[in-house]
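This is what each chain is made of:
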Amino acid sequence: MPKLNENFLRIQNSYLFSEIAHRTAAYVEANPDKPIIRLGIGDVTKPLADTVIAALHEGVDIMADAATFKGYGPEQGYDEARNAISAYYKKNGVDVEPEAIFISDGAKSDTGNITDLFGHDNVILIPDPVYPVYVDSNIMCGNSVTYISGNAGNDFLPMPDRSQHADIIYICSPNNPTGACYNKEQLQEWVDYALENEAVILFDSAYEAFISDPTLPRSIFAIEGAKKCAIEFCSLSKTAGFTGTRCGYTVVPKELVFKASTGEEMSLNTMWNRRQCTKYNSTAYIIQHAAAAVFTDEGMAQCRENIACYQKNARLIADTLSDLGIRFYGGIHSPYVWFECPDGMEAWECFDYLLNNIQVVGTPGAGFGENGRNFFRLTAFGSYENTVEAMNRFRRLFGK
């Protein structure tokens, strides 16, 4: 009999969104006449931009011609996509060389797979509440984590404790689930802390395209010293609606060099390259060709039109909660609105209350950690019409 990875016993059998789907399906079966509005899972609803669709068709034609057909691609990504992403960073005032960029099928995969680069005796700081993949991927490989508290007292933006040592630090900004966004000074403090501790920041910037304030950093590499201590993950899922098309990228600067226990220097860029060459066979050419089109002027303009629709929904949710006197976070530089459950309810209680009374499905904050026990997340990724109806139901339910 094989010896199994018993770390799987340490994680919950039911993934957060699976439980939401189960409860929702049971309600729909029992109440088929009551229409559900889903503002739970952060999945986009707008179709891909015209420029992206044209690039997908062009990619198919390229694959249909023996003269241009592509077989196995480079595990790091095609130069076309890597150069386009590098140019996108430059437009935002950040210098990232193409050789530091690795194309993948999404940030979720890479944030989970990055654990391959690190040993199992590190001090790992993960904020609570948090995107579950950070925690579960570490537990799966036998790591222990230390939580840093995001709460109402710090606007769900925890800052480093100089008396505490760390080796690996997870940061998501704009944050999932809370929608909170670090400013430049706050991120500089985290970078300084990481440099002092010779730590690595794993920075998830999947929602950077929702930042509308030019003074707020859209990349950790906008911060001085970050290339010596940070890896950045980004996704086209929310930037360009690639949730069903699957494409993201991870930036591993060549400056990230640390000493092994033997004294030998090890480059994280080289290690990630070796990991990808061993375990990943490259993102499909057609998808990468479409991804490159996202970063053209026309592509970005069209993608921003879709983002503007989601931002409009977020403002509507935020304005409604403000009128109802419900405390919330996010909704400005993020597609997520994180609100305090009314009347002292706990998160899953609030989920059932909203489902049963107004047929609105959201995400219980408890699924993101202990500090989410009395909070709830709504997404702005639905249609405007559904968002309007959902907020009208909120007003009827909560009496204003």
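Up top you'll find the structure we're talking about.
Residues numbered from 1 in each chain as written. Predicted model: local features only at pLDDT ≥ 70, side-chain atom pairs only at ≥ 80, totals over all residues. Heavy atoms only, no water.

Asks: Which residues make up the overall build of the protein, and what values go with them?
Replies: Helix and strand content of the protein: 12 helices and 15 strands. In terms of C-alpha radius of gyration, the protein reaches 21 Å, essentially the compact-globule figure of 21 Å for 400 residues. Overall, the C-alpha framework of the protein stretches about 65 × 55 × 55 Å when taken along its three principal axes. Classification of the 400 residues of the protein by burial places 53% in the buried group. (Helix = DSSP H or I, 4+ residues; strand = E, 2+ residues; numbered from the N terminus. Rg over C-alpha atoms; globule rule 2.2 N^0.38 Å. Buried < 20%, exposed > 50% of the residue type's maximum accessible area, 1.4 Å probe, protein only.)

Asks: An account of empty space enclosed by the protein is requested, with residue identities and associated values reported.
Replies: One pass over the full model with this rule turns up 2 cavities of 30 Å³ or more. Pro127, Pro129, Ile148, Phe156, Pro158, Tyr170, Ile171, Cys172, Asn175, Thr178 and Tyr182 together form the lining of the largest cavity. Considering every element that reaches the lining of the largest cavity, the biggest residue donor is strand β5 (residues 168–172), with 3 residues. In terms of residue class, the lining of the largest cavity is built from 9 nonpolar, 2 polar and no charged. (1 Å grid on protein atoms, 1.4 Å probe; cavity = no way out; pocket = protein on both sides within 12 Å on 5 of 7 lines; lining within 4 Å. Points joined across faces, edges and corners; volume = space filled by probe spheres on them. Nonpolar A, V, L, I, M, F, W, Y, C, P; charged D, E, K, R; others polar.)

Asks: For the packing of helix α1 (residues 16–30) against helix α11 (residues 347–358), give the residues involved together with the corresponding values.
Replies: Packing of α1 against α11 leaves a shortest axis separation of 11 Å and a crossing angle of 30°. Considering only the axes of α1 and α11, their crossing is right-handed. Contacts between α1 and α11 pair Leu16, Glu19, Ile20, Arg23, Thr24 and Tyr27 from the former with Trp348, Phe351, Asp352, Leu355 and Asn356 from the latter. In the contact of α1 with α11, the residues fall into 6 nonpolar, 2 polar and 3 charged. (Axes fitted to C-alpha atoms, helices over the stretch in contact; angles between N-to-C directions. Left-handed = near helix turned anticlockwise from the far one by under 90°. Contact = heavy atoms within 4.5 Å.)

Asks: Before we move on, could you go through the pairing of strand β3 (residues 124–128) and cite the residues and values that matter?
Replies: In terms of residue burial, β3 counts as a mostly covered element, since 5 of its 5 residues are buried. Neither face of β3 is open: one carries Ile124, Ile126 and Asp128, the other Leu125 and Pro127, and all of them are buried. Bridge count for β3 against strand β4 (residues 146–149) is 4 bridges, and the pairing is parallel. When the bridges of β4 are listed, Asp128 appears paired with Ser149. Crossover connection from β3 via helix α5 (residues 132–140) to parallel β4: handedness right-handed. (Pairing = 2+ DSSP bridges. Right-handed = clockwise from strand over helix to strand, strands pointing away.)

Asks: Can you tell me about the layout of surface pockets, naming the residues and giving the values?
Replies: Gaps between atoms show up when a probe of the same size as a water molecule is rolled over them. The space that makes up the largest pocket amounts to roughly 730 Å³. Taken together, 32 residues make up the lining of the largest pocket; nearest its centre are Gln12, Pro132, Val135, Asp136 and Gly367. Looking at the lining of the largest pocket, the elements with two or more residues in it are α1, α4 (107–113), β3 and α5. The element best represented in the lining of the largest pocket is α5, accounting for 7 residues.

Asks: Break down a negative patch on the surface for me, with residues and values.
Replies: A cluster of like negative charges, contributed by Asp79, Asp95, Glu97, Glu99 and Glu255, occupies part of the molecular surface. Along the chain, Glu255 turns up in the loop between β8 (248–251) and β9 (257–259). Taking relative accessible area as the criterion, Glu255 reaches 40% and is therefore assigned partly exposed. (Patch = residues over 30% accessible without salt bridge, like charges linked within 9 Å, V, L, I, M, F, W, Y side chains within 5 Å. Areas by Shrake-Rupley, 256 points an atom, 1.4 Å probe, with all protein chains shown as cover. Salt bridge = Lys/Arg side-chain N within 4 Å of Asp/Glu carboxyl O. Lys, Arg positive; Asp, Glu negative; His and termini not counted. Charge placed at Lys NZ, Arg CZ, Asp CG, Glu CD.)

Asks: Could you give an account of the sheet that holds strand β14 (residues 363–364), with specific residues and numbers?
Replies: Across a sheet, strands are paired by hydrogen bonds formed along the backbone, either parallel or antiparallel in direction. On the basis of which strands lie adjacent, the open sheet formed by 4 strands has the order β11-β12-β15-β14 and antiparallel pairing. Whereas interior strands pair on both sides, the edge strands pair on one side only; in this sheet they are β11 (328–330) and β14. Two strands pair when backbone bridges link them, and β14 and strand β15 (residues 375–379) are joined in this way by 2 bridges, in the antiparallel orientation. Counterpart to Pro364 in the pairing with β15 is Phe376. Its contacts with the sheet place helix α10 (residues 297–324) against β11, β12 (336–340) and β15, and it is angled at close to 15° to β12.

Asks: Describe the sheet that holds β4, listing the residues and the values that go with them.
Replies: Spatially, 7 strands are ordered β2-β8-β7-β6-β5-β3-β4 in an open sheet, and the strand pairing comes out mixed. Two strands close off the open sheet at either side, each with one partner strand: β2 (101–104) and β4. Across the sheet, the mean angle separating the axes of adjacent strands is 25° when strand polarity is ignored. Those strands touched by helix α3 (residues 79–91) are β2, β7 (230–235) and β8, and its axis lies near 120° from that of β2. Contacts from helix α8 (residues 268–279) reach β2, β6 (200–204), β7 and β8, with the element oriented near 25° to β2.

Asks: Just give me the short version of the state of the cysteines, but keep the residues and values in it.
Replies: Inspection of the entire model under this criterion finds 0 disulfides. The thiol sulfur of Cys181 is not disulfide-bonded, and the nearest other cysteine sulfur, from Cys172, lies at 9.7 Å. Assessed through its relative accessible area of 14%, Cys181 is described here as buried. The structure places no disulfide on Cys234, whose sulfur is separated from the nearest cysteine sulfur, that of Cys172, by 10 Å. (Disulfide = S-S within 2.5 Å.)

Asks: Mind laying out the environment of Ser383, listing which residues take part and the relevant values?
Replies: Tracing the backbone through its elements, the reader meets Ser383 in the loop between β15 and α12 (384–397). Since its relative accessible area comes to 28%, Ser383 is described here as partly exposed. Sequence separation of Ser383 and Thr243 is 140 residues, and the distance between their C-alpha atoms is 16 Å. If sequence neighbours within four positions are ignored, Ser383 has contacts with Thr45 and Asn313. At a separation of 3.1 Å, a polar atom in the side chain of Ser383 contacts the main-chain amide nitrogen of Asn386. (Polar contact = N/O pair within 3.5 Å; in protein donor to acceptor, adjacent residues only side chain to side chain.)

Asks: Explain the packing of helix α2 (residues 50–63) against helix α9 (residues 285–294) to me, and be specific about the residues and the numbers.
Replies: Where α2 meets α9, the closest approach of the two axes is 8 Å, and the angle between their N-to-C directions is 145°. Viewed along their axes, α2 and α9 form a crossing whose handedness is right-handed. Facing Thr51, Val52, Ala55, Leu56, Glu58, Gly59, Val60, Ile62 and Met63 of α2, the residues of α9 in contact are Tyr285, Ile286, Ile287, His289, Ala290, Ala293 and Val294. Looking at the contact of α2 with α9 residue by residue, the class counts come to 12 nonpolar, 3 polar and 1 charged.

Asks: I'd love a proper account of the side chain of Thr245, names of residues and values included.
Replies: Structurally, Thr245 is set in the loop between α7 (236–240) and β8. Beyond its immediate sequence surroundings of up to four residues, Thr245 is in contact with Leu48 and Ile287.

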